[in-house]
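# A structural walkthrough
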Amino acid sequence: MADIPSDGNTRVFFVLAIANQSGPTVAELNAGLALQALITADGLEGFEADTSDVDNTALNSTFNTVTIGRDSYSGTLLRLKKQTVGADTAFTTMVRGTAGYVAIRRDIPETTAWTTGQAAEVYPVTCGQRKRLKPEGNTLTRWEAPTKITTQPSLSAVVV
């Protein structure tokens, strides 16, 4: 069994329309906006689930027990590198109120095209207000697109 490096093995697209988020089509995904070359190395934020605890301890218990509760995501956003005026499709597309899907494919070289049978994560989102990040020395101009997850994501989607 071999380890899988994350470097170069994550593909992220912003897609405006997907008919079935559990089975996005190659055509739907290809119609999306490829973001992996624009997202900073630390810019795929908050796309990790957190499961709440539900206390199910009985009155006669001598040990506290819990079961699983709701899953949630917090702070989901994409941190992107600002592009030159007229060529920054991500900046002009991902404006406040824009609904779409963040599609993530992991563990396969990002240069590999979307293909039937690949595993993907599909998050239905609405974009929040873009946030321009403060200028800093020795860095690129960056901005953030808050991505509010609007309904339950498909974490085990299969490309069709």
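Owing to the predicted nature of the structure, the values given are computational and were not obtained by experimental measurement. (Residues numbered from 1 in each chain as written. Predicted model: local features only at pLDDT ≥ 70, side-chain atom pairs only at ≥ 80, totals over all residues. Heavy atoms only, no water.)

On to the pattern of salt bridges, then. Per the counting criterion, the structure on display carries six salt bridges. Measuring nitrogen to oxygen at the nearest pair gives 2.6 Å for the salt bridge that ties Arg106 to Glu121. Taken as a pair, Arg106 in strand 7 (residues 99-106) and Glu121 in strand 8 (residues 119-127) lie far apart in primary sequence, 15 residues in all. The exposure class assigned to Glu121 is buried, which follows from its relative accessible area of 13%. Salt bridges sharing common partners tie together Asp42, Glu45, Arg79 and Glu144. (Salt bridge = Lys/Arg side-chain N within 4 Å of Asp/Glu carboxyl O. Helix = DSSP H or I, 4+ residues; strand = E, 2+ residues; numbered from the N terminus. Buried < 20%, exposed > 50% of the residue type's maximum accessible area, 1.4 Å probe, protein only.)

All right, on to the packing of aromatic side chains then. Tallying each qualifying case throughout the model produces four aromatic pairs. Between Phe13 and Trp114, the aromatic rings sit 5.4 Å apart at their centres with planes inclined by 85°, giving edge-to-face as the arrangement. Of this pair, Phe13 sits in strand 1 (residues 10-15) while Trp114 is found in the loop between strand 7 and strand 8, placing the two residues 101 residues apart along the sequence. According to the relative accessible area criterion, Phe13 is buried, its value standing at 6%. (Phe/Tyr/Trp six-rings, centres within 6.5 Å; stacked < 30°, edge-to-face > 60°.)

A few words on the nonpolar core. Leu35, Leu78, Leu80, Met94 and Val102 are the most contacted members of the largest nonpolar core, which totals 20 residues. Those elements giving two or more residues to this core turn out to be strand 1, strand 6 (77-81), helix 2 (89-93), strand 7, strand 8 and strand 10 (142-149). The dominant element in this core, judged by the number of residues it contributes, is strand 8, at three residues. In this view, Val102 contacts Val12, Phe13, Phe14, Phe47, Leu78, Glu121, Val122, Tyr123, Val125 and Thr147; residues no more than four positions away in its chain are not counted. Counting eleven residues, the second largest nonpolar core, distinct from the first, contains Tyr101, Ala103, Val122 and Ala157. (Core = buried A, V, L, I, M, F, W, Y, C linked by side-chain atoms within 4.5 Å. Contact = heavy atoms within 4.5 Å.)

Below, the discussion takes up the environment of Thr92. Structurally, Thr92 is set in helix 2. As for Thr92 and Arg130, which are separated by 38 residues in sequence, their C-alpha atoms are 9.9 Å apart.

Geometric descriptors of this kind do not, in isolation, establish any biological role.
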